[in-house]
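These are the residues of each chain, in order.
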Amino acid sequence: MKQETVERRDLETLLDIQNLDIEIVMETENDGSVLSELMNFKTSEAKNDELCSIFNRLFLLRKKRQKIAMEMEGDFLNRYETLKRKKGLIIAVVPVENSVCQGCNNSIPKPKLFLMRKENSISTCPHCNRFIYVSE
Ligand SMILES: [Zn+2]
């Protein structure tokens, strides 16, 4: 049980990381088609500029993410990465609202919720394995 609980501070950091991950995915997906289009053409100066700005934005996002990740201790981040990779999730940290996991819409058992509230900790959803936290 102890292994499942993580400090609240780590949760904030992980949510920051998740937000950056979502930004990175959106940036990559939005510009994915633009990128391949740009690559296929003979690069003019304007296209080069556009490519550079996309790469720069991605580079900055990744750098920011790396910096935050370095501040985290323990294997919390590893578990987050593994969960994302194994399940193909973009959002792997979700709140519990009205006792329901907002990732899979299943109910979280009362004793688990009780413990999470009591320890102000985060846990994992028994149904979808996402990290869950009580938001109220
Ligand atoms: Zn769930």
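Keep in mind that what you see is a predicted model, and the values were worked out from it rather than measured. (Residues numbered from 1 in each chain as written. Predicted model: local features only at pLDDT ≥ 70, side-chain atom pairs only at ≥ 80, totals over all residues.)

Novice: Tell me about the overall build of the chain, residues and numbers included.
Specialist: Along the chain, the regular secondary structure elements total 4 helices and 4 strands. Along the chain direction, N to C, the helices and strands of the chain fall in the order α-α-α-β-β-α-β-β. The buried share of the chain, reckoned over its 136 residues, is 13%. When contacts within the chain are restricted to residue pairs at least 6 apart in sequence, long-range pairs at least 24 apart make up 59% of them. (Helix = DSSP H or I, 4+ residues; strand = E, 2+ residues; numbered from the N terminus. Buried ≥ 20, exposed ≤ 12 C-beta atoms within 10 Å, placed from the backbone. Contact = placed C-beta atoms within 7 Å.)

Novice: Let's hear about the nonpolar core: which residues, and what values?
Specialist: Counting 12 residues, the largest nonpolar core consists of L14, I17, Y80, A92, V93, V96, C101, I108, I122, C125, F131 and I132. Of all the elements in the fold, those that place two or more residues in this core are α1 (8–40), β1 (93–97) and β4 (131–134). When residues of this core are sorted by domain, at least three fall in each of domain 1 (7–90) and domain 2 (92–136). Those residues in contact with L14 that lie beyond four places of it in its chain are F76, Y80 and V93. (Core = buried A, V, L, I, M, F, W, Y, C linked by C-beta atoms within 7 Å. Domains from an automatic or database assignment.)

Novice: Which residues make up the pairing of β4, and what values go with them?
Specialist: Across 4 bridges, β1 lies against β4 in parallel orientation. Considered in β4, the bridge of V93 is made with F131. In the sheet, strand β3 (residues 123–124) pairs with β4 via 2 bridges, with the strands oriented antiparallel. Residue T124 lies in a different strand from β4, and its bridge partner there is F131. Adjacent in sequence and paired antiparallel, β3 and β4 are bridged by 6 residues, among which N129 carries a positive phi angle near 70°. (Pairing = 2+ DSSP bridges.)

Novice: Before we move on, could you go through the environment of T13 and cite the residues and values that matter?
Specialist: Tracing the backbone through its elements, the reader meets T13 in helix α1. Overall, T13 belongs to the partly exposed group, with 18 C-beta atoms counted inside 10 Å. Residues within four places of T13 in sequence aside, it is in contact with I68, E71 and M72.

Novice: Kindly report on the pairing of β1, identifying the contributing residues and their values.
Specialist: Alignment of β1 against strand β2 (residues 100–101), held across 2 bridges, turns out to be antiparallel. Bridging across to β2, E97 finds its partner in V100. Where β1 hands over to β2, the hairpin turn is made up of 2 residues, of which N98 adopts a positive phi near 50°.

Novice: Residues and numbers for helix α4 (residues 110–119), please.
Specialist: In terms of burial, α4 is largely open, as just 0 of its 10 residues are buried. Looking one or two residues past α4, N120 carries a phi angle of roughly 50°, positive in sign.

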